[in-house]
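Here's the letter readout for the chains.
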Protein chains: 2
Amino acid sequence: MFDLLKTDSTSKARLGRLTTPHGTIDTPVFMPVGTQASVKALDPRELLEMGTRIILGNTYHLSIRPGMDILRAAGGLHRFMNWPLPILTDSGGFQVFSLAKIRKIQAHGVQFRSHLDGSLLFLGPKESMEIQRTIGSDIAMVFDDCPPHGATPREVRAAVERTMRWAAECREQPRAPGQHVFGIVQGGSHAALREECARAIVGLGFDGYAIGGVSVGEPEPEMFLAVEQTEPFLPAGQPRYAMGLGTPAQLVELVARGVDMFDCVLPTRVARNGTAFTTQGAVSIKGGFNKADFRPIEEGCECFACQRFTRAYLRHLLNVNEILGLRMLSVHNSHFYLKLMADIRHSLASETFGEFRRRFIAHYVPTRKVLRERGAGQRPRDPAG
Amino acid sequence: MFDLLKTDSTSKARLGRLTTPHGTIDTPVFMPVGTQASVKALDPRELLEMGTRIILGNTYHLSIRPGMDILRAAGGLHRFMNWPLPILTDSGGFQVFSLAKIRKIQAHGVQFRSHLDGSLLFLGPKESMEIQRTIGSDIAMVFDDCPPHGATPREVRAAVERTMRWAAECREQPRAPGQHVFGIVQGGSHAALREECARAIVGLGFDGYAIGGVSVGEPEPEMFLAVEQTEPFLPAGQPRYAMGLGTPAQLVELVARGVDMFDCVLPTRVARNGTAFTTQGAVSIKGGFNKADFRPIEEGCECFACQRFTRAYLRHLLNVNEILGLRMLSVHNSHFYLKLMADIRHSLASETFGEFRRRFIAHYVPTRKVLRERGAGQRPRDPAG
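Thresholds, definitions, all that
Residues numbered from 1 in each chain as written. Chains lettered and ligands numbered in written order. Predicted model: local features only at pLDDT ≥ 70, side-chain atom pairs only at ≥ 80, totals over all residues. Heavy atoms only, no water. Pairing = 2+ DSSP bridges. Helix = DSSP H or I, 4+ residues; strand = E, 2+ residues; numbered from the N terminus. Axes fitted to C-alpha atoms, helices over the stretch in contact; angles between N-to-C directions. Contact = heavy atoms within 4.5 Å. Buried area = accessible area lost by both parts, 1.4 Å probe. Salt bridge = Lys/Arg side-chain N within 4 Å of Asp/Glu carboxyl O. Polar contact = N/O pair within 3.5 Å; in protein donor to acceptor, adjacent residues only side chain to side chain. Buried < 20%, exposed > 50% of the residue type's maximum accessible area, 1.4 Å probe, protein only. Core = buried A, V, L, I, M, F, W, Y, C linked by side-chain atoms within 4.5 Å. Least-squares fit on C-alpha atoms with pLDDT ≥ 70 in both.

Considerations on the sheet that holds strand β14 (residues 261-263) of chain B
All names here are of chain B. Reading across from one edge, β4-β14-β13-β12-β11-β10-β6-β5 is the order of the 8 strands in this open sheet, with parallel pairing throughout. This sheet does not close on itself; its edge strands, each paired only once, are β4 (29-31) and β5 (55-58). Direction aside, neighbouring strands of the sheet carry axes that sit 25° apart on average. In terms of strand pairing, strand β6 (residues 87-90) meets strand β10 (residues 139-141) through 2 bridges, oriented parallel. From the neighbouring strand, L88 faces β10, where its bridge partner is I139. Across the face of the sheet, helix α2 (residues 59-74) comes into contact with β5 and β6 while running at roughly 60° to β5. Sitting on the sheet, helix α5 (residues 125-135) is in contact with β6, β10 and β11 (180-185), with an inclination near 160° to β10.

Here's what the structure looks like:
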């Protein structure tokens, strides 16, 4: 299912091709997030036009709404939302641990109350895989225990053990025809736990491997550390997926660390706040300096928004709360991420990724938050936070 | 500028063609409303695909945001919002009288406070025409005094006199190259005032004539009455525009009463509440009965939404507040209005409008609100409201 086509000589970056029931995917790849059966504000035509090859769905959210009866009656998620290409579904583990109220962790899953109406639900390896089978995703994720940033070593160890046990359970569940299942490695930024978890999960034999427990509130250096601690124990011949990451510069750096697949809500989330990604970094389109700027968000950008609209117009739309504003920023930002991955793949194919990486990072100005985190990573952690 | 191509033998319906600087428009025509330089939730490609030939902009809103400096710098509204076809701008009169706070009506316009930030502004015939010249609309409307439903005969008379005086002032202002200017007839549902106002406005000589003071909260029968009281005094050789109307069935009936042009926020406004128009009437897509209905909103509909999505999926999107839901209902409803007008034009061309009208009205179930209003129109008005 995965062809490793090329490996970069200056880093761990890899060019690959992933085959699924609904089509092949060139990697490294960015997967727009369609949690509730819709990539926020975008329609399928827009997604296809910007080069989307695979999107995400979410087991937890979809099992609550629209619910399995409807997804079953629709003939699966692809048909329900009219998306013709591959779908990867997250297992719901992350949401059970971050969204649900009054959790009770049991041997074979988690009893919890819905974040929506408080109804009592149970999700475990068996339930999650059954839902993902009904959804009919091309890639299903195992049900894991994802502890938050700041969990104690003891808590992280418990999560790792649970994650390993549940992965074994998931491994045995029936799948949709042709459905791939990816294992997930937990372990925080504890090298020993990452290695232990990775070895165990890889030992079970999955179709791909995800690095979980990142994008849970940790500063950037800790995130990179967790990836670096995990990657050496993942087999070269299978795809690696860093869950929930990241900024454009982080994606480039994660590719350099051997990651092939990414998903992130940033492109559409910051769009709704009026922020657009450019090769110079993120810029606020709402800013007064765009008032009479009749250039596109980024010169040379081939997205639907930049081909049609000026910063001045988009700023006006955002200012007066017209939906077209956040729509067009969602288009631009998602296109930016997809184009970034396409550029990375071209540079890998032409063996110039090292140069591409150097130039991209030199031009891209990270946000103050990221810069603060980088500073924080270089000195002992301040216990006051 | 206006060719009257055909007149219906069973009603006052007319087939025509209107020529403007940015293109010709076949009438009867529906004009989607882009108050703040955006037809809510839609992009220009979607508008063009559904057959939009002319949209509305609004003098009051655009003069506040983005403001005239920016529209001037952009080179007008067409370029600012990248809309290649005709634009009609409302004069701002309606908004000054309905939205603005602390109005002070003066001889040459209205002093008022912005609904947005309370700043003191002045809008009159001269200012409105100057703004519409800067906007560069294909059709500008005169600045009128539009009294609310329930105004006393004395108030309506004062509004009519002011409207006539201001129309004469507007008539003398400079225009954008090729810009048409339409007069507006006020007069509530007072036959004598409607006739007096219509004769005066027509006497001034405009490029087209609008029936104003409708869609201001009056019940349907009163609205039809106002149109019927005005239409006989409008010249056959020029376009007639009923402002702010109406439901699909009302549009058919207004065409039959000799109206050529319509604008209405209903298609996009009710979309945001989860309501879709069909040939059977308006239906709530949010309704539980659509939960597992895997048909499109309307069988045979050729809109972008009906070609791709089911009621079950759209209901889900609306239910979980995904923007794609209201987007797709906005697409469907706007397409429905435009297709209705195209069907009307075809029936006029093939001399079957009478049959089309009979069938459409027979199938289209009005909302309870409209039915109540029709009942109310048949008996003396209840003074308690």
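Quick notes on the interface of chain A and chain B
Tallying the contact residues gives 36 residues for chain A and 36 residues for chain B. For the chain A and chain B pair, buried surface summed over both sides reaches about 3400 Å², with 58% attributable to carbon and sulfur atoms. One can count 8 salt bridges joining chain A with chain B. Across the chain A-chain B interface, the total number found is 22 residue pairs in polar contact (both at pLDDT 80 or more). Secondary-structure elements contributing two or more residues to the side of chain A that touches chain B are α1 (44-49), α2 (59-74), α3 (77-81), α11 (311-319) and α12 (323-349) of chain A.

Remarks on the pairing of strand β15 (residues 275-278) of chain A
Residues and elements named next belong to chain A. Along β15, one buried face is formed by T275 and F277 and the opposite face, lined by A276 and T278, is buried too. As paired elements, β15 and strand β16 (residues 281-284) share 4 bridges and run antiparallel to each other. Paired with T275 across the bridge in β16 is S284. Hairpin connection from β15 to β16: 2 residues lie between these consecutive antiparallel strands.

Digging into the nonpolar core
If you look at the biggest cluster of nonpolar residues, it comprises 231 residues, and the most contacted ones within it are A:Y241 and B:Y241. The residues touching B:Y241, leaving out its near neighbours within four places in the chain, are B:M31, B:L56, B:L88, B:M141, B:F182, B:Y209, B:A210, B:I211, B:V259, B:M261, B:F262 and B:D263.

Quick word on the relation of the copies chain A and chain B
Least-squares fitting of chain A to chain B yields an RMSD of 0.0 Å, with the superposition described by an axial translation of 0.0 Å and a rotation of 180°. Here the symmetry operator amounts to a two-fold rotation axis. Among all residues of chain A, the minimum C-alpha distance to the rotation axis is found for A:I323, at 4.2 Å. Both copies present the same face, since 100% of the interface residues in chain A are matched by interface residues at the equivalent positions in chain B.

Comments concerning unusual backbone geometry
Here A:L245 and A:G246 are connected by a cis peptide whose omega angle stands at 0°. Within the element layout of this structure, A:G246 appears in the loop between β13 (240-242) and α9 (248-256). A positive phi angle, near 60°, is found at B:N321, a position not held by glycine. Structurally, B:N321 is set in the loop between α11 (311-319) and α12 (323-349).

Thoughts on the environment of A:L245
All names here are of chain A. Within the secondary structure, L245 is located in the loop between β13 and α9. On the accessibility criterion, L245 (5% relative accessible area) is buried. Distance in space between the C-alpha atoms of L245 and E351 is 25 Å, their sequence separation being 106 residues. Apart from the residues lying within four places of it in its own chain, the contact partners of L245 are V214, S215, M223, Q250, L251, L254, F262, D263 and C264.

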